[in-house]
Amino acid sequence: NSTVRNVLSIAFTPQGDLITGDSDGFLTVWSVDSEGDYYVLKQFKGHDGGVSALYLLSEGTLLSGGEKDRRVVAWDCDEDFDAILETQLPEASGGVRTVTPQRPGMNDANIYVGTIKNMILEGSLQRRFNQ
């Protein structure tokens with residue numbers, strides 16, 4: 001009895017592998033073989049509920065956002081996708097809809113999060129988010 005998972009978000013690693021976030025909270029890293037066919041390189045549970053946002057920072061850190069668990073997690077793409085840091089948005093803000101850095105390529109850790117309750121929060125994984 002298999003469950004249908006819907007892809008909610010995508011990103012690419014610097015090596016060209018495809019990362020998908022799905023409706024069951026899984027992140028899947030897909031690679032391409034010599035014949036051009038995709039295969040699963042790694043799959044892991046990243047969130048409780050859907051992974052609504054993925055964003056790859058320039059230094060190789062992947063940000064993922066959870067729609068149900070309200071978490072933003074940083075994953076190390078160079079170290080087998082180990083979790084580096086995470087934070088949870090306030091309950092009043094709702095779940096994550098989208099994530100983006102303030103200045104792509106600057107690595108200043110300042111990110112913006114759009115939520116399912118139509119809020120835009122500013123902050124970082126090291127400190128709280130503000131509306």
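Going by the structure above, here's the rest.
These numbers were taken from a predicted model, which means no experiment stands behind them.

### Description of the sheet that holds strand β10 (residues 111-115)
One open sheet holds the 3 strands; their spatial order is β9-β10-β11, and the pairing between them is antiparallel. Single-partner strands in this sheet number two, and they are β9 (96-101) and β11 (120-123). Direction aside, neighbouring strands of the sheet carry axes that sit 20 degrees apart on average. Two elements, β9 and β10, share 5 bridges in a ladder whose sense is antiparallel. Note on β10: the bridge partner recorded for Val-96 is Thr-115.

### As for the side chain of Thr-20
Residue position: Thr-20 is located in strand β2 (residues 18-22). At 3.1 Å, the side chain of Thr-20 forms a polar contact with the side chain of Trp-30. Discounting chain neighbours no more than four positions away, the residues touching Thr-20 are Val-7, Ser-9, Ile-10, Phe-26, Leu-27, Thr-28, Trp-30 and Leu-54.

### Description of the pairing of β11
Walk down a regular strand and you will see the side chains alternate between the two sheet faces. Relative to β11, β10 runs antiparallel, the two being bridged by 4 bridges. Of the residues in β11, the one forming a bridge with Gly-114 is Ile-120.

### Some points on the packing of aromatic side chains
Any pair of aromatic rings gets described here by the distance separating the centres and the angle formed by the planes. Counted according to the given criterion, the structure contains 2 aromatic pairs. Their ring planes at 35 degrees and their centres at 6.0 Å tell us that Phe-44 and Phe-81 sit as a pair that is tilted. Here Phe-81 lies in the loop between β7 (71-76) and β8 (82-88) and Phe-44 lies in strand β4 (residues 38-45), a separation of 37 residues in the sequence. Using a relative accessible area of 12% as the deciding quantity, one classes Phe-44 as buried. Look at Phe-81 and you get buried, because its relative accessible area is 10%. Of the aromatic side chains, those joined through ring pairs into one cluster are Phe-44, Trp-75 and Phe-81. Positioned above the aromatic ring of Phe-26 is the side chain of Arg-5, whose terminal nitrogen or guanidinium carbon lies 4.0 Å from the ring centre.

### Things to note about the pattern of salt bridges
Within this structure, the stated rule accounts for 6 salt bridges. Between Asp-22 and Arg-5 there is a salt bridge, and its shortest N-O distance comes to 3.8 Å. Taken together, the residues span a long stretch of sequence, with Asp-22 in strand β2 and Arg-5 in the segment before β1 (7-12) at a distance of 17 residues. On the basis of relative accessible area, Asp-22 is assigned to the buried category, the value being 5%. We classify Arg-5 as partly exposed; its relative accessible area is 35%. Measuring nitrogen to oxygen at the nearest pair gives 2.8 Å for the salt bridge that ties Arg-97 to Glu-67. One end of the pair, Arg-97, is in strand β9; the other, Glu-67, is in the loop between β6 (61-66) and β7, with 30 residues separating them in the sequence. Where salt bridges share partners, they join Arg-5, Asp-22 and Asp-24 into one cluster.

Procedures and definitions
- Residues numbered from 1 in each chain as written.
- Predicted model: local features only at pLDDT ≥ 70, side-chain atom pairs only at ≥ 80, totals over all residues.
- Heavy atoms only, no water.
- Pairing = 2+ DSSP bridges.
- Helix = DSSP H or I, 4+ residues; strand = E, 2+ residues; numbered from the N terminus.
- Axes fitted to C-alpha atoms, helices over the stretch in contact; angles between N-to-C directions.
- Polar contact = N/O pair within 3.5 Å; in protein donor to acceptor, adjacent residues only side chain to side chain.
- Contact = heavy atoms within 4.5 Å.
- Phe/Tyr/Trp six-rings, centres within 6.5 Å; stacked < 30°, edge-to-face > 60°.
- Buried < 20%, exposed > 50% of the residue type's maximum accessible area, 1.4 Å probe, protein only.
- Lys NZ or Arg CZ within 6 Å of the ring centre and 35° of its normal.
- Salt bridge = Lys/Arg side-chain N within 4 Å of Asp/Glu carboxyl O.

Taken by themselves, the reported measurements are silent on function.
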